[in-house]
Amino acid sequence: MKITDIQFGMLRVPLKTPFKTALRTVGTVEDIVVMVHTDSGQVGYGEAPATAVITGDTHGSIIDAIRHYISPRLIGQDIAELNHLTQLIQSSMEKNTSAKAAVEIAVYDLWGQLYGAPLYKLLGGGDPVITTDITISVDYIDKMVADSVSAVERGFESLKIKVGKDIGVDIERVKAIYAAVQGRALLRLDANQGWTAKQAVYALQTLEEAGIKLELIEQPVKARDLAGMRYVTERVHTPVMADESVFGPMEVIELIRLRAADIINIKLMKTGGISNAIRIADIAAMHGIECMIGCMLETSISVAAAVHVAVAKSNVITKVDLDGPSLCQFNPVDGGVIFNESEISVTDAPGLGIREIRGLERLGD
Ligand SMILES: C[C@H](N)C(=O)N[C@H](CCC(=O)O)C(=O)O
Ligand SMILES: [Mg+2]
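Rules and cut-offs
- Residues numbered from 1 in each chain as written.
- Chains lettered and ligands numbered in written order.
- Predicted model: local features only at pLDDT ≥ 70, side-chain atom pairs only at ≥ 80, totals over all residues.
- Heavy atoms only, no water.
- UniProt positions renumbered as here; feature names shortened; annotations may be inferred.
- Donors = N, O, S within 2.8 Å, 3.2 Å for Na, K, Ca; no water.
- Helix = DSSP H or I, 4+ residues; strand = E, 2+ residues; numbered from the N terminus.
- Buried < 20%, exposed > 50% of the residue type's maximum accessible area, 1.4 Å probe, protein only.
- Contact = heavy atoms within 4.5 Å.
- Polar contact = N/O pair within 3.5 Å; in protein donor to acceptor, adjacent residues only side chain to side chain.
- Phe/Tyr/Trp six-rings, centres within 6.5 Å; stacked < 30°, edge-to-face > 60°.
- Near = heavy atom within 4 Å.
- Areas by Shrake-Rupley, 256 points an atom, 1.4 Å probe, with all protein chains shown as cover.
- Nonpolar A, V, L, I, M, F, W, Y, C, P; charged D, E, K, R; others polar.
- Domains from an automatic or database assignment.
- Pairing = 2+ DSSP bridges.
- Axes fitted to C-alpha atoms, helices over the stretch in contact; angles between N-to-C directions.
- Disulfide = S-S within 2.5 Å.

The name recorded for the chain in an unreviewed UniProt entry is Dipeptide epimerase, from Rhodanobacter denitrificans. We quote the UniProt Sequence similarities (unreviewed entry) comment for the chain here in full: "Belongs to the mandelate racemase/muconate lactonizing enzyme family."

Encoded structure:
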């Protein structure tokens, strides 16, 4: 099975409610869809969001990177040579991790199709059902409490509470939500780099002293402030998770060496796809460090790939934040992984199992 062409589309899916973090507010998922065509007629699908504030990737840069740097290396290559293909993708250029991820996901999809097996089985197998949290956007306290209660009523047992806007209000946000859902859901906080190290320690110690037990705090300080991450990790009981601070395996090794966090959030859009996600999971497992697998604002195309990785690496990926499809007003995918609120199931369809993507706007040459 040889690659003959790589085509693009733009997929727009409105969110149920605006997604608000310390970094940005978004109303609609607008992602680039990648279709890798082969001489057998089979097509592999991938997806890349333009999360410029985190990865630096824009729609233009994603298309440009694939069209001019990745695609020329892949045309004519054999899908059976998976390791060679991932090496070609990863070494095509620096950064541009979302573009690399979209193409890698499509190539892994085809690899599964080539052998007639679902991706998770080729990656090692595992329990085909996983459970995700759901994000509660940062907002007025009453709105966050109402959104949290509604999420619990929909069956979510873990809530990812966005904070990082104003330290005093953030403490009140968490206290109010904890009081409303105590005993019914675990709370994970994500400050998306919004606090200083001292603010983070103050907020977390205040919450701990008030008897509030948090599952974890994600990326309390600026991405590059590894000393700040370590400062917080050393001073609070709440486990600290690195998100924007770690993209690839080398950064994970450095983070572990510095003991700058307790948990690592793996996202395919930061790692450049599946091959590095697996490397990170293996490095973390060797060091006894737990991982979460997360997503950006993505639909069930690229999140499906993350689900297959999560299932196959459940020995070390113990936490799941794959709520992108649950945040969308509709699922544009026919086939693929089944997203049913907090419960996500892989099927035994080959590769990612995607049959069709509805509403795709084709982007020409
Ligand atoms: C969607 C997911 N639950 C999430 O919160 N991801 C964010 C970044 C998403 C974005 O801004 O597109 C995170 O974990 O920081
Ligand atoms: Mg995060």
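Picking up after the structure, the text goes on.
> In this structure, what is going on with the coordination of the magnesium ion (ligand 2)? I would like to understand it.
Four donors placed tetrahedrally around a metal ideally meet at 109.5 degrees, and six donors placed octahedrally ideally meet at 90 or 180 degrees. D190 (OD), E218 (OE) and D243 (OD) make up the full set of protein donors to the magnesium ion (ligand 2), lying at 2.1 to 2.3 Å. The sequence pattern formed by the donor residues of the magnesium ion (ligand 2) is D-x27-E-x24-D. Here E218 is found in strand β8 (residues 216-218), whereas its partner D243 is found in the loop between β9 (240-242) and α9 (249-258), with 25 residues between them in sequence. The same class applies to E218 as to D243, namely buried.

> Sorry, what's going on with the UniProt feature "active site" (unreviewed entry) in the chain here?
In the UniProt entry, the feature "active site" (unreviewed entry) is given for K162 and K267. You can see K162 is positioned in strand β6 (residues 158-162). Those residues in contact with K162, other than ones at most four positions away along the chain, are F19, K20, T21, T135, I136, S137, V138, M144, D190 and N192. Here D190 takes part through its side chain, which lies 2.8 Å from a polar atom of the side chain of K162. The exposure class assigned to K267 is buried, which follows from its relative accessible area of 5%. Dropping the residues within four chain positions of it, K267 is found in contact with D243, G294, C295 and M296.

> In this structure, what is going on with the packing of aromatic side chains? I would like to understand it.
Here the distance between the centres and the angle between the planes together describe a pair of aromatic rings. Tallied over the full model, the rule gives 2 aromatic pairs. Ring centres 6.5 Å apart and planes at 90° place the aromatic pair W111 and Y115 in the edge-to-face group. Taken together, the residues span about one helical turn, with W111 and Y115 both in helix α3 (residues 97-115) at a distance of 4 residues. By the ring-pair criterion, three or more aromatic residues cluster together here, those being Y108, W111 and Y115.

> Would you take a moment to explain the site of ligand 1 for this structure?
With respect to spatial proximity, 17 residues lie near ligand 1, and among them R24, T135, N192, D321 and D323 are the closest. In the model, an oxygen atom of ligand 1 is placed 2.9 Å from a nitrogen or oxygen of the K160 side chain. Contact distances for ligand 1 include 2.9 Å between an oxygen atom and a side-chain N or O atom of K267. In isolation ligand 1 has 390 Å² of accessible area, and contact with the protein removes 100% of it. Its residues assigned to classes, the shell around ligand 1 comprises 5 nonpolar, 3 polar and 9 charged. Looking at which domains feed residues into the shell around ligand 1, each of domain 1 (2-116) and domain 2 (121-356) gives three or more.

> Explanation requested: the sheet that holds strand β15 (residues 343-345) in the structure shown.
Neighbouring strands of a sheet are bound in pairs by backbone hydrogen bonds; such pairs are parallel or else antiparallel. Pairing in this open sheet of 3 strands is antiparallel, and the strands run β4-β15-β14 from one edge to the other. Since the sheet does not close on itself, it has two edges, and those belong to β4 (129-131) and β14 (338-340), each with one partner. For this sheet the average axis-to-axis angle between neighbouring strands, irrespective of direction, equals 20°. Pairing geometry for β14 and β15, over 3 bridges, is antiparallel. Each bridged residue has a counterpart across the sheet, and for N340 the counterpart in β15 is E343.

> Looking at this model, I keep getting lost on the UniProt feature "binding site: substrate" (unreviewed entry) in the chain. Mind explaining?
Taking the numbering used here, the UniProt-annotated feature "binding site: substrate" (unreviewed entry) corresponds to R24, T135, K160, C295, L297, D321 and D323. Structurally, the position occupied by D323 is in the loop between β12 (317-321) and α13 (324-327). The buried category is assigned to D323, whose relative accessible area is 2%. A polar contact is formed between the side chain of D323 and the side chain of T135, at a distance of 2.5 Å.

> Please clarify how the state of the cysteines should be interpreted in this entry.
With the rule as written, the count across this model stands at 0 disulfides. Residue C328 stays outside any disulfide, its sulfur separated by 9.2 Å from that of C295, the closest cysteine. By relative accessible area, C328 is classed as buried at 3%.

> Any chance you could explain the environment of Q193 here in plain terms?
On the secondary structure map, Q193 appears in the loop between β7 (186-190) and α7 (197-209). Residue classification places Q193 among the buried residues on the basis of a relative accessible area of 11%. In this view, Q193 contacts L23, Q219, P220, V221, K222, A223 and E244; residues no more than four positions away in its chain are not counted. In this structure the side chain of Q193 is engaged in a polar contact, spanning 3.0 Å, whose partner is the backbone nitrogen of A223.

> What's the story with the sheet that holds β12 in this structure? I'm lost.
With respect to topology, 8 strands assemble into an open sheet ordered β5-β6-β7-β8-β9-β10-β11-β12, the strand pairing being parallel. The open sheet has two free edges, formed respectively by β5 (134-136) and β12, since each of these has just one partner strand. Taking each pair of neighbouring strands and ignoring which way they run, the sheet shows an average axis angle of 30°.

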